[in-house]
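Structural characterization, general
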Amino acid sequence: MEEIKLEFTKLVKRVDVDKTGDFIRYDESKCDGCGLCTKVCSFNLWSLKEGKARLAPRYQELCLECAACWEICPMEAIDFSYPAGGTGVVIEHG
Amino acid sequence: MEKWDVVVVGAGPGGSYAAKTAAELGLKTIFFERGRRPGDKNSSGCGLGQRWWRDFPEIMEALQGLPSVRKVEMVVINLVDENNRLRYRCGTTGSDLCANRWPHGMDGISIYRRDLDPFLADLAVKAGAELRTSTLVSDVIMENGQVKGVRTEKGEPFYAEVVIAADGAMSTMARKSGMRNRWGGGCTLVPQLDFSADPEKMDDVIGNAEWVWFGALYGAYQVNFRDGFHIGAGQWLREDWDERPTDMVKKVLQFPAFQAMCRAIEAKPREYQAHLLPWLKKPPKTYTGGMMLVGDAAGFPCPLEAEGIWHALTSGKIAAETAAWAISKGDASEKALAEYERRWKASPLGKEHEFGPEFVDLWNSTIFDPKLMARQIQLLLEFSMLHPFSVVFDWGDAHIDCFNQHLEHLLDLAPQFADFGRTYLAPLARGIWPKNVKRILLSVKPRIPILGKLPDNTFLRLMAKLSKSLAPYLDPSINQEAPVPREVFERSRAGRKR
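Thresholds, definitions, all that
- Residues numbered from 1 in each chain as written.
- Chains lettered and ligands numbered in written order.
- Predicted model: local features only at pLDDT ≥ 70, side-chain atom pairs only at ≥ 80, totals over all residues.
- Helix = DSSP H or I, 4+ residues; strand = E, 2+ residues; numbered from the N terminus.
- Rg over C-alpha atoms; globule rule 2.2 N^0.38 Å.
- Buried ≥ 20, exposed ≤ 12 C-beta atoms within 10 Å, placed from the backbone.
- Contact = placed C-beta atoms within 7 Å.
- Pairing = 2+ DSSP bridges.
- Core = buried A, V, L, I, M, F, W, Y, C linked by C-beta atoms within 7 Å.
- Domains from an automatic or database assignment.
- Axes fitted to C-alpha atoms, helices over the stretch in contact; angles between N-to-C directions.
- Left-handed = near helix turned anticlockwise from the far one by under 90°.
- Nonpolar A, V, L, I, M, F, W, Y, C, P; charged D, E, K, R; others polar.
- pLDDT = per-residue confidence, 0-100.

**So, the overall build of chain B**
The helix and strand tally for chain B stands at 20 helices and 19 strands. Taking 23 Å as the expected radius of gyration for a compact globule of 498 residues, we find that chain B reaches 25 Å, a close match to that expectation. For chain B, the spread of C-alpha atoms along the principal axes amounts to about 85 × 60 × 45 Å. Expressed as a percentage of its 498 residues, the buried residues of chain B come to 40%. Expressed as a percentage of contacts within chain B between residues at least 6 apart in sequence, the contacts between residues at least 24 apart total 70%.

**Focus on the overall build of chain A**
A count of helices and strands for chain A gives two helices and six strands. Counted from the first residue to the last, chain A has its helices and strands arranged as β-β-α-β-β-α-β-β. Counting only C-alpha atoms and orienting by the principal axes, one finds that chain A spans roughly 40 × 40 × 20 Å. By the burial criterion, 45% of the 94 residues in chain A qualify as buried. Contacts in chain A between residues far apart in sequence, at least 24 positions, make up 64% of those at least 6 positions apart.

**Side note on the sheet that holds strand β4 (residues 70–72) of chain B**
Pairing within the open sheet is antiparallel, and its three strands lie in the order β3-β7-β4 (chain B). In this open sheet, the two edge strands, each paired with only one partner strand, are β3 (47–48) and β4 of chain B.

**Looking at the pairing of strand β13 (residues 209–215) of chain B**
Residue and element names in this part refer to chain B. Note that strand β5 (residues 74–80) and β13 share seven bridges and pair parallel. When the bridges of β13 are listed, L79 appears paired with F214. Across four bridges, β13 lies against strand β14 (residues 219–225) in antiparallel orientation. In the sheet register, W211 faces β14, and the bridge partner there is Q222.

**Observations regarding unusual backbone geometry**
Of note in this structure, E50 of chain A is not a glycine but carries a positive phi near 50°. For E50 of chain A, the location among the structural elements is in the loop between β3 (46–49) and β4 (52–55). Judged by C-beta crowding, with 6 C-beta atoms within 10 Å, E50 of chain A ranks as exposed. Phi at N84 of chain B is positive, roughly 70°, even though this residue is not glycine. Among the structural elements, N84 of chain B can be located in the loop between β5 and β6 (86–92). Using a count of 18 C-beta atoms within 10 Å as the deciding quantity, one classes N84 of chain B as partly exposed.

**Things to note about the nonpolar core**
By size, the foremost hydrophobic cluster in this structure holds 140 residues, and its most contacted members are A68 of chain A together with V6, V163, I164 and A323 of chain B. Here this core gets 11 residues from one element, more than from any other, and that element is helix α10 (residues 309–329) of chain B. Apart from the residues lying within four places of it in its own chain, the contact partners of I164 of chain B are V6, V8, A18, M292, V294, A319, A320 and A323 of chain B.

**Thoughts on the interface of chain A and chain B**
At the interface, 31 residues of chain A touch 46 residues of chain B. Every element with two or more residues in the side of chain A that touches chain B is listed here: α1 (36–40), α2 (68–72) and β6 (88–90) of chain A. Among the elements that make up the side of chain A that touches chain B, the one with the highest residue count is α2 of chain A (four residues).

**Describing the domain arrangement of chain B**
Frequently, the measure chosen for interface size is the accessible area that the parts lose on association. Each assigned domain of chain B is listed with its residue range as follows: domain 1 (3–46 + 112–183 + 281–346), domain 2 (187–277), domain 3 (355–429) and domain 4 (432–498). Distance from the C-alpha centre of domain 2 of chain B to the C-alpha centre of domain 4 of chain B: 44 Å.

**Things to note about the environment of C302 of chain B**
Residue and element names in this part refer to chain B. Looking at the element boundaries, C302 is found in the loop between β19 (291–293) and α10. C-alpha separation for the pair C302 and F359, spaced 57 residues apart in sequence, amounts to 9.5 Å. The residues touching C302, leaving out its near neighbours within four places in the chain, are E307, H311 and E352.

**Observations regarding the packing of α10 of chain B against helix α11 (residues 334–346) of chain B**
All names here are of chain B. For the pair α10 and α11, the least separation of the axes is 9 Å and the interaxial angle reads 145°. α10 and α11 meet at a crossing whose hand is right-handed. When α10 is examined against α11, the residues S315, I318, A319, T322, W325, A326 and K329 are found in contact with a partner set consisting of A336, L337, E339, Y340, R343 and W344. Classifying every residue of the contact of α10 with α11 by side-chain character gives eight nonpolar, two polar and three charged.

**Quick look at the environment of L63 of chain B**
Residue and element names in this part refer to chain B. Within the fold, L63 resides in helix α3 (residues 57–63). A tally of 19 C-beta atoms within 10 Å means that L63 is categorised as partly exposed. Along the chain, L63 and N100 lie 37 residues apart, while their C-alpha atoms are 22 Å from each other. Excluding its chain neighbours within four sequence positions, the residues that come into contact with L63 are V69, I109, I111 and F119.

**Focus on the confidence of the model for chain B**
Residue-level pLDDT values for chain B average 93, and 99% of them are 70 or greater. Across the predicted assembly, pTM comes out at 0.94 and ipTM at 0.96.

**Comments concerning the packing of helix α1 (residues 13–24) of chain B against α10 of chain B**
Residues and elements named next belong to chain B. α10 packs onto α1 with a crossing angle of 35° between their chain directions and a minimal axis gap of 7 Å. Considering how the two elements wind past one another, α1 and α10 form a crossing that is right-handed. For the pair α1 and α10, contact is made by P13, G14, G15, Y17, A18, T21 and A22 and by I309, A312, L313, S315, G316, K317, A319, A320, E321, A323 and A324, respectively.

**So, the environment of E382 of chain B**
Residues and elements named next belong to chain B. Within the secondary structure layout, E382 lies in helix α14 (residues 370–384). Each C-alpha atom of the pair E382 and L407 lies 8.4 Å from the other, and the pair is 25 residues apart in sequence. Apart from the residues lying within four places of it in its own chain, the contact partners of E382 are H409, L410 and L413.

Right, dumping it as structure tokens:
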């Protein structure tokens, strides 16, 4: 049985990715290294290094704007706003 | 400085319907959308159910002609075991009762948000509300602890008598006004994978139906549109989260029956989305001084199946009407806006949430617990073999012997499921209307020796005395057509202890 092949990151449309601004702010001093943010992100934008979470430097190009990392962080170390109006993900078949 | 009567943050269904209602009531209204157009940022299950025909019939009528619409006349459930094998497929279109309840019976529609959201926003604009797109509202303006307006990301202020926050699950307005921070366990994350498909082949293979895949280890809903569908799989965002969202939807793609369906309708993966969806036992506080929350921002989605669009429209309408009432009194203080909560609680929206915790507890402990789910699927499969059609299908022996063998097997398994029934299914009994409990008791009464001869009222009084579980339903002061209030059960249980 042939498997359905998928490249999830190619299945997202975006506009003006260079104009989104910085919409995830992360306070490393609050992070306790639990790693939950690394598990809920669809596109692996969070990683753990030396007991602290790290956000991919060019997250704006891949972030789905779901805000799961903000919701799950028990230390409230992640502050999520949204990309600038009219930029970022465009959902065509939501 | 220009001042507005009502500022609405968000042009999803809740925001647009609030703006439409406010404008129709003669209020000077503006509403904001962060996308280039409404719908740009939204994804959901997108099913509009039967009660839309009762509450928003003109909208339902108008939506029928939009490109992505597929009618929903049936739901099809697919049960898949732990080896990914399709074991049982059943469906329903409802009974005669459903056919007669609303003008369109069980029929609903599925519609992509790129069709629905702009349509609803347009209704608000036609009613006289001003829409600003590509505008992110990033802060509230507070004075003396009360919301007095909002500020856009560029710093532009918009002052208003009343702010209606329809800015979704992450509600910046709720956070910035200090109403709450994150949901802390009550919110789900829903990854969705959309597929394109051949519309005519979908008509032939899928029909006008929603599909659900219940796997022993994972499951997903399948919402079918005119030229495609999406599958979605949600889970509560909690500390035991252990799976990448993309992997959750990928698992359904491994079901051979799902792959066969994809081949038959020429389905191709088209878009991936993920969104937060509050799925709460009950909504938290929905108002503060100068501001009301509607839709997902308020945590209104249905506690049984997390539908939220009807809830968004209903709460948007009530919030706008409350805003008009508050403005006419010249008082939008927190005390005055408590009226919003009184009104939504008295509406069909409030009724929806009277029986919330029992439903959420059931899901929490079963569908989203793989071990319990595997057992539940096993139980459903055993039950399915007692179904008359299944008995016909089993010609392994004389049919009546096959039936008895299946019954015996089910009885063997019963002790394993007793705990499950007591813990997860029994609490749902609170939802049975007292008048139906009475009818069940009175229908068995004639078959009970001696007691069967008692007058109905004497019999029911005796039952209430004999059984503390039945007593709450038989209390004569209780509403006959609503779940028995939780306190009445608690009082009855406390009585038993004494």
